[in-house]
Amino acid sequence: DQQVKQNSPSLSVQEGRISILNCDYTNSMFDYFLWYKKYPAEGPTFLISISSIKDKNEDGRFTVFLNKSAKHLSLHIVPSQPGDSAVYFCAASRLTGGGADGLTFGKGTHLIIQP
Amino acid sequence: DAGVTQSPTHLIKTRGQQVTLRCSPISGHKSVSWYQQVLGQGPQFIFQYYEKEERGRGNFPDRFSARQFPNYSSELNVNALLLGDSALYLCASSLVAGGGPYNEQFFGPGTRLTVL
């Protein structure tokens, strides 16, 4: 029973265009959401996060949107660059539970930026 | 500044054997978490430790155990290895237990365990 779902295993986007990665969750107790980026042979790298009290958080080229009623979040990358090619993981946690049950990850989306 | 380090990088074991994986957190971080990433899946939470105490445990059998030392480094032990234990084992460190803003988890490169 997957609580965090990334339904697109891969996404191909042209350099300079917008990349939109999607994530859905089923557990309404999740209140903090994160995106991690992973290159081969490296551990996941934290990218951006959002608390459930917000609906948008922006950091440079990266923006995360949260729609709590739809239990959906998305990561926008504008403009997309070749170095953005990586696997992107959506993750969720329950801060109200002390966060002691760790992060729940989706399966990841492999983003490929085409020159 | 050194990031999270893990050893060994790769490991090959046979079914029934025992394995110990090691993790050193970022300097100043007091919490360590362990995750298992099976091929094609996202990381799955195993344990969280803070100040040498277990603070959280995921849905893993008792064959999995861990501990944290006074210097905040940690070991993950897996007994009676099964073929299904083959995975990338990731260690993550954070300032304190739990999560949230300004307390994100930083991951090491992982230990690739192959069970034959």
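Here the structure is shown first, and the text comes after it.
This write-up is about the structure you can find in this document.

Counted according to the given criterion, the structure contains two disulfides over all chains. A sulfur-sulfur distance of 2.0 Å marks the disulfide that ties Cys 23 of chain A to Cys 90 of chain A. Handedness here is read from the sign of the S-S torsion; for Cys 23 of chain A and Cys 90 of chain A, about -75°, the answer is left-handed. One end of the pair, Cys 23 of chain A, is in strand 3 (residues 19-25); the other, Cys 90 of chain A, is in strand 9 (residues 86-93), with 67 residues separating them in the sequence. Neither residue differs from the other here; Cys 23 of chain A and Cys 90 of chain A are each classed as buried. Two residues share a disulfide in this structure: Cys 23 of chain B and Cys 91 of chain B, whose sulfurs sit 1.8 Å from each other. Where Cys 23 of chain B bonds to Cys 91 of chain B through sulfur, the torsion about that S-S bond is close to -60°, and the disulfide is left-handed. One end of the pair, Cys 23 of chain B, is in strand 3 (residues 19-24); the other, Cys 91 of chain B, is in strand 9 (residues 87-94), with 68 residues separating them in the sequence.

Considered as a void within the structure, the largest pocket measures approximately 510 Å³ in volume. As for the largest pocket, its lining consists of 24 residues, and the residues nearest its centre are Gln 3, Thr 104 and Phe 105 of chain A together with Gln 44 and Phe 45 of chain B. Secondary-structure elements contributing two or more residues to the lining of the largest pocket are strand 9 and strand 10 (104-105) of chain A together with strand 5 (44-50) of chain B. Here the residues of the lining of the largest pocket sort into eight nonpolar, 12 polar and four charged.

Rules and cut-offs
- Every residue gets a number counted from 1 within its own chain, in the order that chain's sequence is written.
- The order in which chains are written sets their letters, starting at A; the order in which ligands are written sets their numbers, starting at 1.
- At least 70 in pLDDT is required for a residue's local features to be given in this predicted model, at least 80 for side-chain atom pairs to be given and counted, and no such filter applies to totals for whole chains, interfaces and linings, which use all residues.
- Processing note: side-chain calculations cover all non-hydrogen atoms of the structure and skip hydrogens and water entirely.
- In this description, the term disulfide denotes a pair of cysteine sulfurs within 2.5 Å.
- Secondary structure is summarised from DSSP: a helix means a run of H or I of at least four residues, a strand means a run of E of at least two, and numbering begins at the N terminus for each.
- Each residue is assigned to one of three classes by its accessible area relative to the maximum for its type, calculated with a 1.4 Å probe on protein chains only: buried under 20%, partly exposed between the two thresholds, exposed over 50%.
- Here a cavity is any set of points on a 1 Å grid over the protein atoms alone where a 1.4 Å probe fits but cannot get out, and a pocket is any open set with protein on both sides within 12 Å along at least 5 of 7 lines; a residue lines the site when it has an atom within 4 Å of a point.
- Grid points are joined across faces, edges and corners, and a volume is the space filled by probe spheres set on the points.
- In this count, Pro and Cys sit with the nonpolar residues alongside Ala, Val, Leu, Ile, Met, Phe, Trp and Tyr, while Asp, Glu, Lys and Arg are called charged and the others, Gly among them, polar.

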